[in-house]
Amino acid sequence: MGQFISELSIEQNLTFEYADKIFKEKDVKFGKEQKQSLGLFLPDGRYDNLALILSDQCPYTTKAAIFEGLNKDKFKDRKEFTGSIFKQIEDVRAYLHVFNRTRSTFEGVYRVDHPDYHDVAIREAYVNALIHRDYYIEGSVLVSMFDDRLEFMSLGGVMPGVTYDLMLMGVSVTRNEKLAQILYRLNIIEAFGTGIPRIFSLYENSIVKPEIPVIDGGFLIRIPNLNYNINGNGASNGKSAAQTNEQRLLSVFQDTSFNKEDAADILGISVSGAYKLLQRMTDQRLLTARKDGKQWIYSKPAD
């Protein structure tokens, strides 16, 4: 296990500008002595493949793609990430954040944001792919976002003896243990074997659950879009976003009249969006409307 990262790196002209930045941010020394203790050198003083992976010259890449719909027929966006594994971790997370949409609801007077994907789940799934991939095999880590799910595929498959149930219990047999130890020391991962259980715990109260399908020669983690039913297929947990907004307005303006600007402020949406919602609520007789000069005033119907 971990044999590849302990072998001689073909490339010896390595630089560590990005790694230096990360170690400095984490307040961890990264001089020659520390590189030696972390396992970046062979006994003869030459760099090994662990050093190569951490270096700016790292040849292993990540390919990320955003697809329209539920299959790979149509790209919305795609990008390949290169450089030090530390740089790829930061760049891939930043890239996915752009496409990680947020739905907002109101609980009392407070606005609550519901992202499509937990940031912790994204981090754990991606870093898991980097730690457990087989670097002997050429090819990139693949990150694929669909309307209903986000997938992380690494090459090499599950280590011998590790079952699905053992992974959920936190049992970890790491293919690249020295790499995992460095990421742990920098607090990029919290502890060995906790990534998969942590991902599943985030979905403990959700109808949809993460999946780890059996894939020959690869390891796939699939995490579901928590807002997919709302965004694309109707209601989630029995309430659509529109129904939530309706209930919010009826609660806040229970005894008070209001206009479309007031509704927009409460809901955190555009005035035009609020106006369309108010028209629909009036048509459904959830509200009454009267003209006051140039604007419409809304209120709950009298009992």
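Below, the discussion takes up the overall build of the protein. A tally of helices and strands in the protein yields 12 helices and 10 strands. Here the protein, with 303 residues, has 44% of them falling under the buried criterion. Contacts spanning at least 24 positions in sequence make up 61% of the contacts within the protein whose residues lie at least 6 apart. By element, 49% of the accessible surface of the protein is carried by carbon and sulfur atoms, the whole surface being about 16400 Å².

Moving on to the pairing of strand S6 (residues 149–155). By the criterion of burial, S6 is predominantly enclosed, with 5 of the 7 residues buried. Sheet analysis places strand S5 (residues 141–145) next to S6, joined by 4 bridges and oriented antiparallel. When the sheet's bridge partners are listed, Met-145 is paired in S6 with Leu-150. Following S5, the chain reverses through 3 residues before pairing antiparallel with S6.

Attention shifts here to the nonpolar core. Residues Phe-86, Leu-96 and Ile-223 are the most contacted members of the largest nonpolar core, which totals 60 residues. Here this core takes 8 residues from helix H5 (residues 119–132), the largest share from any one element. Setting aside anything within four residues of it in sequence, one finds Ile-223 in contact with Tyr-117, Ala-121, Ile-122, Arg-149, Leu-150, Phe-152, Ile-199, Tyr-203 and Pro-210. Counting residues in each nonpolar core, the second largest holds 13 residues, with Phe-258, Ala-264, Leu-267 and Met-281 among its members.

As a further point, take the pattern of salt bridges. As enumerated under the stated definition, the model contains 13 salt bridges in all. In this structure, Arg-222 engages Glu-151 in a salt bridge whose closest nitrogen and oxygen atoms are separated by 2.7 Å. Taken together, the residues span a long stretch of sequence, with Arg-222 in strand S8 (residues 218–224) and Glu-151 in strand S6 at a distance of 71 residues. Note on Arg-222: relative accessible area 22%, which makes it partly exposed. Linking Glu-211 and Arg-222 is a salt bridge whose minimum nitrogen-to-oxygen distance equals 2.8 Å. With Glu-211 in the loop between helix H8 (195–202) and strand S7 (214–215) and Arg-222 in strand S8, this residue pair connects regions lying 11 residues apart in the sequence.

Moving on, we come to the side chain of Ser-9. Position of Ser-9 among the secondary structure elements: in the segment before helix H1 (17–25). Sequence-distant contacts of Ser-9, that is, excluding residues within four places in its chain, are made with Tyr-47, Asp-48, Asn-49 and Leu-52.

Two numbers describe how H5 lies on H8: the axes approach to 9 Å, and their chain directions differ by 150°. Judged by the angle between their axes, H5 and H8 are roughly antiparallel. Remark: the crossing between H5 and H8 carries left-handed chirality. Contacts between H5 and H8 involve Val-120, Ala-121, Glu-124, Ala-125 and Asn-128 from the first element and Gly-195, Ile-196, Arg-198, Ile-199 and Leu-202 from the second. Considered class by class, the residues forming the contact of H5 with H8 number 6 nonpolar, 2 polar and 2 charged.

Overall, the prediction assigns the protein a mean pLDDT of 84, with 85% of residues at 70 or greater. Least confident of the elements in the protein is helix H6 (residues 164–168), whose mean pLDDT is 52; most confident is helix H3 (residues 49–54), at 97. Here residues 231–240 is a poorly scored stretch, pLDDT under 50, and it has 14 contacts once near neighbours within four places are set aside; other chains count.

Rules of the game
Residues numbered from 1 in each chain as written. Predicted model: local features only at pLDDT ≥ 70, side-chain atom pairs only at ≥ 80, totals over all residues. Heavy atoms only, no water. Helix = DSSP H or I, 4+ residues; strand = E, 2+ residues; numbered from the N terminus. Buried < 20%, exposed > 50% of the residue type's maximum accessible area, 1.4 Å probe, protein only. Contact = heavy atoms within 4.5 Å. Areas by Shrake-Rupley, 256 points an atom, 1.4 Å probe, with all protein chains shown as cover. Pairing = 2+ DSSP bridges. Core = buried A, V, L, I, M, F, W, Y, C linked by side-chain atoms within 4.5 Å. Salt bridge = Lys/Arg side-chain N within 4 Å of Asp/Glu carboxyl O. Axes fitted to C-alpha atoms, helices over the stretch in contact; angles between N-to-C directions. Parallel < 35°, antiparallel > 145°, perpendicular 65-115°, else oblique. Left-handed = near helix turned anticlockwise from the far one by under 90°. Nonpolar A, V, L, I, M, F, W, Y, C, P; charged D, E, K, R; others polar. pLDDT = per-residue confidence, 0-100.

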